[in-house]
Every structure is written in C-alpha cells, then in structure tokens.
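A closer look at the structure
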Amino acid sequence: AVNIARNGRIKGIAWGGNGVAATGGVKFEVGRTYSIVSLGLYNVEHKIAESLSYGMHYGIMFPMGGKLSLGLDGGYRYRDNTPLFKNPKDQPDQHMLEFRLSLRAPLSERMALFAGTGLGHSFNASPNSDSGNTYPLLFAGLEFF
C-alpha cells in the first residue's frame, strides 16, 4: 500500500548507491509521511551486471532549519539476479532490508537533492543459502516535483 490522499503529493525520484547502482521510483507524500515504490538495476554488492530490484520504503520527514529536511525510512527490496526470473546457485536472488537516514535540500521549486547513509541486510532467497550479509549504505539522488 502507498500513501495517496487529496492533500498528498506524488513525486518522481531517482537515486544511486552501493546496494543498487541505479534506482527510479515514485514517492507518495502525505503530511510528513511518505512511501516509495521503486525499480532498480545492477547489483553493486556482488558485481552482477544483470539484475533487477523492486521494492518499497516507508518513512517520515522531519523539517529542519531553512528548507532542509531529514528523512528516516525503512524498506524491503527483492533483487532478481542473473539470469532474470531464475535462481541459479552461483547468483541467487536476494531479499534486502534497508534502514536509511537522508538529508534533503531543494535545488529549485521543481527539484531537490538528497543524500544519506544507513544499514542494509541482504540474504539469499533460496532456503539452502547463507544467513546473509549486513553492510553500510551510501546513496544520493534527486526528487522531481
């Protein structure tokens, strides 16, 4: 489910980071809460060029001095590794949990820059696989209003 209301806003969003190299999505804002539906490419963590990730993040924004705001969110992504829609033993699909903190600064009336850090945890989708990997997240991107 995503936040959609008459008093809400819908924005385009794009970012890159060390978990998934390129991600695009739609951000739904209602008041100070938001949800993001996203689609990403390239598994940076394991250097797998052909992968597709899709997921959701839910969060809350905290206004700061001036026009800056702080965002705190958590999310889930499913990373479908090469070959897509199959689960080979050497490159298994993965579940990813992400907890992120970001700073957002408007660049204009129609665009804002954000950057942040957080903690990610990925684990293989097949039951015979390892117990997972926890790693720091770094990311940056743009919001389009």
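Residues numbered from 1 in each chain as written. Predicted model: local features only at pLDDT ≥ 70, side-chain atom pairs only at ≥ 80, totals over all residues. Heavy atoms only, no water.

With that out of the way, let us pick up the pattern of salt bridges. Taken as a whole, this structure holds 7 salt bridges when the rule is applied. Residues Glu143 and Lys11 are paired through a salt bridge, measuring 3.2 Å at the closest nitrogen-oxygen approach. Taken together, the residues span a long stretch of sequence, with Glu143 in strand E8 (residues 133-144) and Lys11 in strand E1 (residues 9-17) at a distance of 132 residues. In this structure Lys11 comes out as buried when scored by relative accessible area, which is 3%. (Salt bridge = Lys/Arg side-chain N within 4 Å of Asp/Glu carboxyl O. Helix = DSSP H or I, 4+ residues; strand = E, 2+ residues; numbered from the N terminus. Buried < 20%, exposed > 50% of the residue type's maximum accessible area, 1.4 Å probe, protein only.)

The relative placement of two aromatic rings is captured by the distance of their centres and the angle of their planes. Counting across every chain of the model gives 2 aromatic pairs. Here the aromatic rings of Phe114 and Phe139 are separated by 6.4 Å at their centres, their planes lie at 55 degrees, and the arrangement is tilted. Residue Phe114 is found in strand E7 (residues 111-124), and its partner Phe139 is found in strand E8; the two are separated by 25 residues along the sequence. The exposure class assigned to Phe114 is buried, which follows from its relative accessible area of 5%. Taking the ring centre of Phe145 as reference, the NZ or CZ of Lys11 above it sits at 4.3 Å. (Phe/Tyr/Trp six-rings, centres within 6.5 Å; stacked < 30°, edge-to-face > 60°. Lys NZ or Arg CZ within 6 Å of the ring centre and 35° of its normal.)

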